[in-house]
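One-letter residues, chain by chain:
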Amino acid sequence: MLTFFSARAGGAPPPTLVLIGPNVKWSNSRRLRIWAGEFPAFLPKPVEKMKDPYARKLASRIERVPVNFSKGCVMSSCVKPKEQKEANPVVLLHGFDSTCLEWRYTLPLLEEAGLETWAVDILGWGFSDLERLPSCDVASKRDHLYQLWSTYIKRPMVLVGPSLGSAVAIDFSVNYPEAVDRLVLINASVYAKGTGNLATLPKAVAYAGVYLLKSIPLRLYATSLAFNGLPLSTCIEWTNIGRLHCLLPWWEDATVNFMISGGYNVIDQIEHVKHKTLIILGEDDQIIDYKLGVRLHCELPNATLRQIPNCGHIPHVQKPDVVSRLITEFVQSDWAKPDTVSTISVPLITGTCTSRYLAYPICGDVTS
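As recorded by an unreviewed UniProt entry, the protein carries the name AB hydrolase-1 domain-containing protein and is attributed to Datura stramonium.

Right under this line is the structure:
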């Protein structure tokens, strides 16, 4: 099940996170505290205990908007841009069983770069109101995202998908190509054949597994895998923020529904992706093998690959400055210059592939 622990939102320990140049640093100075105001009433109460000012600020911006789709109307959670622009917007998804809080560090940087930026919770996860629970299978998630796009965004978007969110992005772009301008896939999890044997579990067993998935020890372990070398206090804080949505009363039903539906299997869709694509890999990802990222680069017809050194499974949390810079450059230019890449040969599951990639200059560490 570790495949599905690939996107953990989190927070930060003592008491303030400050982005300084290329580094993410902690500061104890009370003068630097940036506490957000009131939180939306629909967020679970423990949101008030978050110490990370960026998580608090983004949480205060989460709102619910009505989305009508084939299963009914859902009050869907998202973070809207501060202002709409003429250029196509950037729409940020999240990974498996996570929320838009994953983007607490990167979203502000994208906005500072002048991009219209949305963060959207995928149906069944995040903070949407699922009291009248619709189906949370792949078709429902796809339809829901399309109706949200066609109601509120209405322009081709740069769709960003980390981890399992990459499968969501690929599936969506193939089915609704007119809604997508280009793709950004971060530590993509696109070669899993759905939820595998989990789809055949009896419901009672599935609910027991989902209950375990919510547990703090298991989430703490998953967070330690996603981020390399974090202090225990940081892991605990990031774990608590990453499981915040699990406290909503419909979370277990939605997760079981997705599990027994079979999940995402987009292997056969990859060759049909026609959009320009940026693939971002964390060099030290302990969950998704980098060879699968190189394989994806080889199989996509119009892709560029960038690798971030000293970075784990969730670069947009660990290296937000680098990720925001890569996305901004990708959105604003075609920037695949021959003198900025090198050629390597990497053995893959299906053979040998020659891939061109750039290892991005080393940046500050979240624990520095």
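Continuing now.
Peer 1: Explain the layout of surface pockets to me, using residue names and the numbers behind them.
Peer 2: Of the volumes computed, that of the largest pocket is approximately 250 Å³. Taken together, 12 residues line the largest pocket, and the ones lying closest to its centre are Tyr54, Lys57, Lys82, Pro108 and Glu111. Counting residues per element, the ones that place at least two in the lining of the largest pocket are helix H1 (53-61) and helix H2 (106-112). In terms of residue class, the lining of the largest pocket is made up of 6 nonpolar, no polar and 6 charged.

Peer 1: Tell me about the packing of aromatic side chains, residues and numbers included.
Peer 2: One pass over the full model with this rule turns up 9 aromatic pairs. Ring centres 4.4 Å apart and planes at 75 degrees place the aromatic pair Phe227 and Trp238 in the edge-to-face group. One end of the pair, Phe227, is in the loop between helix H6 (216-226) and helix H7 (232-242); the other, Trp238, is in helix H7, and 11 residues separate them in sequence. An identical accessibility class is assigned to Phe227 and Trp238; each is buried. In textbook terms, an aromatic cluster arises when at least three aromatic residues are bridged by ring pairs, as seen for Phe96, Trp125, Phe258 and Tyr264. Over the aromatic face of Tyr105 sits the side chain of Arg104, whose NZ or CZ is 4.5 Å from the ring centroid.

Peer 1: Help me get a handle on the pairing of strand E7 (residues 157-162), residues and values and all.
Peer 2: Extensive coverage of E7 is indicated by the burial of 6 of its 6 residues. Inspection of the sheet shows strand E5 (residues 90-92) paired to E7 by 3 bridges, in the parallel sense. When the sheet's bridge partners are listed, Val91 is paired in E7 with Leu159. Summarising the sheet, E7 and strand E8 (residues 180-186) pair through 6 bridges and their orientation is parallel. If you follow Gly161 over to E8, its bridge partner there is Leu185.

Peer 1: Describe the nonpolar core, and please don't skip the residues or the numbers.
Peer 2: With 51 residues, the main nonpolar core has Leu93, Val120, Leu159, Phe172, Leu185, Val190 and Leu296 as its most contacted residues. For Val190, the residues in contact, after removing those within four places along its chain, are Ser166, Ala167, Ile170, Val266, Ile267, Ile270 and Leu296. In this structure, Leu58, Leu110, Val322 and Ile327 belong to the second largest nonpolar core, which totals 42 residues.

Peer 1: Requested: an account of the environment of Ser70, with residues and values cited.
Peer 2: As for its position among the elements, Ser70 is in the loop between strand E3 (63-69) and strand E4 (72-79). Of note is the side chain of Ser70, whose polar atom sits 2.7 Å from the side chain of Asp143.

Peer 1: Describe in detail the environment of Glu48, supporting the description with residues and values.
Peer 2: With respect to the helices and strands, Glu48 occurs in the loop between strand E2 (23-27) and H1. Given a relative accessible area of 44%, Glu48 falls into the partly exposed group. Remark: the alpha-carbon pair of Glu48 and Glu38, spanning 10 residues in sequence, is separated by 8.9 Å. Those residues in contact with Glu48 that lie beyond four places of it in its chain are Phe39 and Arg56.

Reading the values: the criteria
- Residues numbered from 1 in each chain as written.
- Predicted model: local features only at pLDDT ≥ 70, side-chain atom pairs only at ≥ 80, totals over all residues.
- Heavy atoms only, no water.
- 1 Å grid on protein atoms, 1.4 Å probe; cavity = no way out; pocket = protein on both sides within 12 Å on 5 of 7 lines; lining within 4 Å.
- Points joined across faces, edges and corners; volume = space filled by probe spheres on them.
- Helix = DSSP H or I, 4+ residues; strand = E, 2+ residues; numbered from the N terminus.
- Nonpolar A, V, L, I, M, F, W, Y, C, P; charged D, E, K, R; others polar.
- Phe/Tyr/Trp six-rings, centres within 6.5 Å; stacked < 30°, edge-to-face > 60°.
- Buried < 20%, exposed > 50% of the residue type's maximum accessible area, 1.4 Å probe, protein only.
- Lys NZ or Arg CZ within 6 Å of the ring centre and 35° of its normal.
- Pairing = 2+ DSSP bridges.
- Core = buried A, V, L, I, M, F, W, Y, C linked by side-chain atoms within 4.5 Å.
- Contact = heavy atoms within 4.5 Å.
- Polar contact = N/O pair within 3.5 Å; in protein donor to acceptor, adjacent residues only side chain to side chain.

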